[in-house]
Amino acid sequence: MAFPISRQKALREWRLYLFVLPSLLLVATFAYFPAASAIYHSFFDWSGGDTKQLIGFGNFSRAWNDRVLWGAFGTVGILILFNLFKMIPAVVLAVLIHRLKSERWQYAYRVLLVIPMIVPSLVTLFIWKFFFDPNLGVLNRVLDVTGLKHVLVWLDGRVFHWHIFLENVPVGWLSQPDLILPSLFIWGFPWIGAVGVLFYLAGLQSISTEIYEAAELDGVGSLGKFFYIELPLILTQVRLNLTLLIIATLQGYGLQLLLLGETGGPGGRGMTPGLWMYNRAFIAGEFGYACAVGMILFVFILLLTLFNNRYVRVEK
Amino acid sequence: MSGIAKDSVGARGHRDWPKHAIVGCLILVELFPLYMMLQVSFKDNAEFINNPWLPSNPASWHWENWAFGIRLIGPYIANTVFVAVSGTAFSLCFAILGAYFFARYKMPFSGVLWSAFLVLMLLPSVANIVPLFTLLKELSLLNTLTALIAVGVAGGQVFNIFVLRNFIEELPKDLFEAAEMDGASHFQQIINIVIPMSGPIIGTLAILAFLGKWNEFLLPLIVLRDKELFTLGVGLIYLDGEYVKQWGQIMAAYFIASLPLIVIFLFCMRLFVRGLSAGAIKG
């Protein structure tokens, strides 16, 4: 902890306040002021200029009846479920690397894991967009080469009647409304977040070898070791990751904006609340309404954070 | 961990090769997009359609794709380097000063100020972006790189101060007391004690900040209008929308966009890997 300090000494050391001043000014200008401004303007009909009209809760009652907004919350719910599933490979990979005997290999794998991180995330995103391209894209070619396409066509024609997968017609991953969500699911396969894996590995390192020896004497198999030793010990990291992931998904819209455009793709199937806010502000020029949407989103995130702090406590 | 102790981690009697196989496969698939980026960058569209998977013959590599990429992306990279370097430097300078304030003494009001910073962790940045845009307009910072730097520095303060405060508080108090006896000012104490002793953590934070700024695209997208000011983020977005897709050229541009990070990575690989794991523990 910081030293306690007497009042006289504090007065003499007043210059210390100058140390915190730059950060404080910056934060006040670029974080507090916009936040306050967002709350204030959510009660106005405002298109970003000087003229604005107070309309009370008008924006909020409009949001209450906004089908697109609530549809977007539904979409984001599905995306959160996808992302929960996508956490699994990182956990499995971390445990597998941890169990390797050779420390040299462990280090080598860690370095290999970090490599995708040095490619800008935007580039990764655009490479995936290229993979989804119907004519040249790698995804359709993989389907053709492996023959999976025939399976999908057969399933489509005989079982599900989606009318999405047709013989000799390239699959339009990002242009078929019904394929938007599946595309967002496939996106990023095999879903190994390097930060996540390193995060879990750091947690696994704290497991003492005696625990493993004891487990082995008791004849616990590798699956048992995973559920009784490894998973409980990295549960803190998993939970923390989970919270961050849910909050990031809830407010995220960069991925959707770049993959699908500002309308959320065909049929608006990829619309998220954040994207809707962006769309209203910068496409429709309805800044006041966009602020209100931002506030609603903020309330959701705040509730989630409070819930998390109360029930999903992270033990230090 | 010693080699002997390590043996008991892997189940005795089991071989390691199945694990190697799974881990290797997963990492190969993970690296596949990068492989595609690299090998497609040397082909033109016709070659790519005929032979999408394997690298083409080095004799017929299309180096002009790379020349095109450098011409196109070079200016964007210069802008991004400027924003990322100055943003990271300012961000860390201010954060060190701020963290020192919180860590050194319990000044009157420092508790209030601390909670004022912490509350910001709850504020999602997403709700801010619309008013931020109009604020920048009023400050006539729209269409400037200064706006990106200032907002970036402000955004990084909370996390950096949070990590650095904890770190500075762990430093031995005697050092500070001895320096004070010798008449060192607070500024001198920061230069001579705090910065030398927290080198690795500052390095890690710097890398994280730099990566974050390199990847930024939403703010530049709404702030920047002039092509001369584009950072990589906006530049790549326009590239994605504008050109009749010559995938070779585009992939070369993508690869060039990653080069500066690759250079940094090669020089501080250990800091990268350690830093990311350490940063992960701190949360």
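Residues numbered from 1 in each chain as written. Chains lettered and ligands numbered in written order. Predicted model: local features only at pLDDT ≥ 70, side-chain atom pairs only at ≥ 80, totals over all residues.

On to the packing of helix α16 (residues 287–311) of chain A against helix α6 (residues 129–138) of chain B. Interaxial distance between α16(A) and α6(B) falls to 8 Å at its minimum, and their mutual angle equals 140°. As judged from the angle between their axes, α16(A) and α6(B) are oblique. Contacts between α16(A) and α6(B) pair F287(A), A290(A), C291(A) and G294(A) from the former with V130(B), P131(B) and T134(B) from the latter. For the contact of α16(A) with α6(B), the per-class residue count stands at five nonpolar, two polar and no charged. (Axes fitted to C-alpha atoms, helices over the stretch in contact; angles between N-to-C directions. Helix = DSSP H or I, 4+ residues; strand = E, 2+ residues; numbered from the N terminus. Parallel < 35°, antiparallel > 145°, perpendicular 65-115°, else oblique. Contact = placed C-beta atoms within 7 Å. Nonpolar A, V, L, I, M, F, W, Y, C, P; charged D, E, K, R; others polar.)

Let us now look at the nonpolar core. General note: in soluble globular proteins, nonpolar side chains tend to be found buried as a group. Judged by nonpolar contacts, the single largest core of 125 residues is most densely connected at V293(A), A99(B), Y100(B), V130(B) and Y254(B). Filtering out sequence-adjacent residues up to four positions away, Y254(B) remains in contact with V123(A), F126(A), I127(A) and M37(B). V91(A), V95(A), Y200(A) and I27(B) belong to the second largest nonpolar core, which has 23 residues in total. (Core = buried A, V, L, I, M, F, W, Y, C linked by C-beta atoms within 7 Å. Buried ≥ 20, exposed ≤ 12 C-beta atoms within 10 Å, placed from the backbone.)

We now examine the interface of chain A and chain B. Every contact between the two is made by 86 residues of chain A and, on the other side, 84 residues of chain B. The greatest single-element share of the side of chain A that touches chain B, amounting to 17 residues, is contributed by helix α2 (residues 16–41) of chain A. Class assignment for the residues of the side of chain A that touches chain B results in 64 nonpolar, 14 polar and eight charged.

It is worth spelling out unusual backbone geometry at this point. Backbone torsion omega between F189(A) and P190(A) reads 0°, so that peptide bond is classified as cis. Mapped onto the fold, P190(A) is located in the loop between α10 (180–186) and α11 (194–204). In this structure, S140(B) takes a positive phi of about 40° despite not being glycine. With 9 C-beta atoms counted inside 10 Å, the residue S140(B) sits in the exposed group. For N143(B), which is not glycine, the phi dihedral falls at a positive 60°. Its place among the elements puts N143(B) in the loop between α6 and α7 (145–170). N143(B) gets classed as partly exposed once you count the C-beta atoms within 10 Å, which come to 13.

What follows deals with the environment of V159(A). By the element assignment, V159(A) lies in helix α9 (residues 148–160). Between the C-alpha atom of V159(A) and that of F130(A), which follows or precedes it by 29 residues, the distance is 30 Å.

Residues and elements named next belong to chain B. Mean pLDDT over chain B stands at 83; residues scoring 70 or higher make up 89%. Within chain B, helix α4 (residues 63–104) carries the highest mean pLDDT (92), whereas helix α1 (residues 3–7) carries the lowest (42). The low-confidence segment residues 1–13 (pLDDT under 50) makes 19 contacts with residues lying over four places distant or belonging to another chain. Interface confidence for the predicted complex, given as ipTM, is 0.82, next to a pTM of 0.86. (pLDDT = per-residue confidence, 0-100.)

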